Structures are given as structure tokens and as C-alpha cells.
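# Working through the structure, step by step
Next come the chains, spelled out residue by residue.
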Amino acid sequence: MVNENIPHKNAYQFNAIGRVHSCYQEKFGIPRQPGLVPEARASIEILSPYDRDEAFRGLESVSHIWLVFVFHQAMREQWRPTVRPPRLGGNQRIGVFATRSNFRPNPIGLSLVTLETVERRENGLWLDVRGADLLQGTPIIDIKPYLPYADSVEGADAGIANTPPESMPVAFSEMAQRQLLALDACVYPGAEGLIRDSLSYDPRPAYRKDEEAIRIYGCRFYDLNIRWQVVDGSIEVVSVERD
Ligand code: SAH
């Protein structure tokens, strides 16, 4: 029998099964979808009581996973029915349910990432992923294997987002190059690709893109402060400094 009386207010409660440790320490600079930056690494710390090996048995043979998570830094008291996606230049509104905006009635995110390892370590059970678009500390509420036969659709129409976002050339100043070379590759794996690809999608808010004045922006990847600017339609990384 169909239950007509579907509860809709505060009816569900979920526990985080994991917590994200991400190369992205703040929202600014995170790609707007997963998979755009292959060097965007994140580790998911599985939380008790879900940190049981048998709960993940078989997952090691899977190459990609869906992460269902909470946009814990995009919570608002009031939801808005429309949003201004960066795709439309940030000045046109469309329905929130027609977008992947992080501001939604239920702040739930969905990302497809590459699964690198599932590993029991001294400090718990960890999943390492790549291609993440996740902020440090993001609570994970579910993990599911990606099923190509069901989850990929040839010829699908994504409306305003049929192609990847435009990207810009990225160059490193001499100082930034020297600073990059001095970094320990074990601590900052793929740092150059991470910075290049993340910035190439131009994290600037749409309303700033028309500004004439050159302005220095800052992003935090790991404990690195990345300073960059836009000059003549390309991005220049000015410096890569550790804390
Ligand atoms: N792939 C996801 C996310 C799309 S929105 C989905 O479709 O549901 C992408 C933006 O969410 C990123 O640019 C980042 O700035 C933001 N974001 C990532 N983790 C977040 C978090 N925990 N809280 C709030 N915003 C977050």
C-alpha cells in the first residue's frame, strides 16, 4: 500500500559516516564540479561506528564512487527557489533544482570521484580519492559505487551545462616556480597540476570578471597560500607560500 502521509518536516536524520580531509581549505578556488582537477586529492576518514572493514568489503575493486555529502558551509535559514549559476554569467536566475548549486533547500551534495585506495591505517579507516570538489571538513553521509551501465548516459542533454566550463591559460611567475620546486612532493602531491587546473577554471565571482583593475586573489590549497592575478585574459600565479 502507498503511504500517502509522507512526512516532510524534520522527518529524517542522518549521521555522517565520514569526514573529508581535502586539499581545498576554503570554498574559494574549489572547482565547480568533480573530475575537472585530477590532482584534487581528498581523504575520507570513516567515522565510528561505520569504520568497519566489512562495511567496505568489495569497494577496493571499484574505480569510481559517488559521494553524498552535506554542504556544511552553505547553510541558510531561508531557501531561495532560484539561483544565479556562474554558467549564465552570474546575472540570470534559474530554478535551484535545475542547478548543482550548493545553496539548496536540503544542503546535500553529490560528487563522482576516482577511488584510489581503501586502507586501514593506525588512525582508522580511510578512502583516498581524486578529482574532488570538496571543502575541508565536509561531512559525508553516503558512499556508493559508480555504475557505468546505469549512471552514464550517452547523448544526455544537460541544458546550460553540456560542456565543461571554459578554462584559461595559467602561468607561474619565476618566484612561484621556485617556490613550487622547493615543496616536498610527498606532502604536496601534484601541487603544480592542482594549482594550474583549479585556477584555470577562473574562480573569480562573475561580477568581478569585468573589472579592469588588476587585483591579487588568494586561495588556500593544503597549507599553501596561492596568490594570483588575471592579466590580459590569462592567470598568473604570483606566489606559492607555505604558512
Ligand atoms: N558536485 C557537487 C557540488 C557542486 S557545487 C554537486 O553537484 O552536488 C560546487 C561548489 O560547492 C564548489 O565550488 C565548492 O565551493 C562548494 N563546496 C564544496 N564543499 C562544500 C561544503 N562542504 N560546503 C559548502 N560548499 C561546498
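Everything below is about the structure shown above.
What comes next is a walk through the structure. (Residues numbered from 1 in each chain as written. Predicted model: local features only at pLDDT ≥ 70, side-chain atom pairs only at ≥ 80, totals over all residues. Heavy atoms only, no water.)

## Section: the pairing of strand E3 (residues 64-70)
Regular strands show a simple pattern: their side chains alternate between the two faces of the sheet. Taken across its 7 residues, E3 has 6 buried, putting it largely inside the fold. As paired strands, E3 and strand E8 (residues 139-145) are joined by 5 bridges and run antiparallel to one another. Within E8, the residue paired with Val68 across the bridge is Asp142. (Buried < 20%, exposed > 50% of the residue type's maximum accessible area, 1.4 Å probe, protein only. Helix = DSSP H or I, 4+ residues; strand = E, 2+ residues; numbered from the N terminus. Pairing = 2+ DSSP bridges.)

## Brief notes about the sheet that holds strand E12 (residues 234-242)
Sheets are built from strands paired through backbone hydrogen bonds, the pairs being either parallel or antiparallel. Strand order across the open sheet formed by 4 strands is E9-E12-E11-E10, with mixed pairing between neighbours. Pairing within the sheet leaves two strands with one partner each, and these edge strands are strand E9 (170-172) and strand E10 (217-221). For this sheet, the mean inter-axis angle between neighbouring strands, taken without regard to orientation, is 35°. Where strand E11 (residues 224-231) lies against E12, 8 bridges are found, and the strand directions are antiparallel. By the bridge assignment for E12, Gln229 is matched with Glu236. (Axes fitted to C-alpha atoms, helices over the stretch in contact; angles between N-to-C directions.)

## Describing the sheet that holds E8
Spatially, the 6 strands close up into a barrel ordered E1-E2-E7-E6-E3-E8, and their pairing is antiparallel. Looking at each pair of strands side by side, their axes are set apart by 45° on average, direction ignored.

## A short note on the nonpolar core
Ile195, Leu199, Ile226, Val237 and Val240 are the most contacted members of the largest nonpolar core, which totals 30 residues. The residues contacting Ile226, other than those within four sequence positions of it, are Ile195, Leu199, Tyr217, Gly218, Cys219, Phe221, Val237, Ser239 and Val240. Of all hydrophobic cores here, the second largest spans 22 residues; its members include Ala42, Leu59, Leu115 and Ile143. (Core = buried A, V, L, I, M, F, W, Y, C linked by side-chain atoms within 4.5 Å. Contact = heavy atoms within 4.5 Å.)

## Quick word on the side chain of Gln179
Examined against the element boundaries, Gln179 turns out to sit in helix H2 (residues 174-181). Looking at Gln179, its side chain comes within polar contact range of the main-chain nitrogen of Val240, at 2.7 Å. Side-chain polar atoms of Gln179 contact the side chain of Glu241, separated by 3.5 Å. In this structure Gln179 touches Ser239, Val240 and Glu241, once residues within four positions along its chain are discounted. (Polar contact = N/O pair within 3.5 Å; in protein donor to acceptor, adjacent residues only side chain to side chain.)

## Thoughts on the packing of aromatic side chains
A complete count under the given rule lists 7 aromatic pairs for this structure. With centroids separated by 5.3 Å and ring planes inclined at 85°, the aromatic side chains of Tyr24 and Phe221 adopt a geometry described as edge-to-face. Of this pair, Tyr24 sits in the loop between strand E1 (18-22) and strand E2 (41-46) while Phe221 sits in strand E10, and the two are 197 residues apart along the sequence. Judged by its relative accessible area of 0%, Phe221 is buried. (Phe/Tyr/Trp six-rings, centres within 6.5 Å; stacked < 30°, edge-to-face > 60°.)

## With respect to the pattern of salt bridges
All told, the structure shown has 13 salt bridges when counted by the stated rule. Two residues, Asp128 and Arg121, come together in a salt bridge whose shortest N-O distance is 2.7 Å. Here Asp128 falls in the buried class, since its relative accessible area comes to 18%. The partner of Asp142 in a salt bridge is Lys144, and the shortest N-O contact between them spans 3.5 Å. Overlapping salt bridges, with partners in common, bring together Glu39, Arg41, Glu116 and Arg130 in one network. (Salt bridge = Lys/Arg side-chain N within 4 Å of Asp/Glu carboxyl O.)

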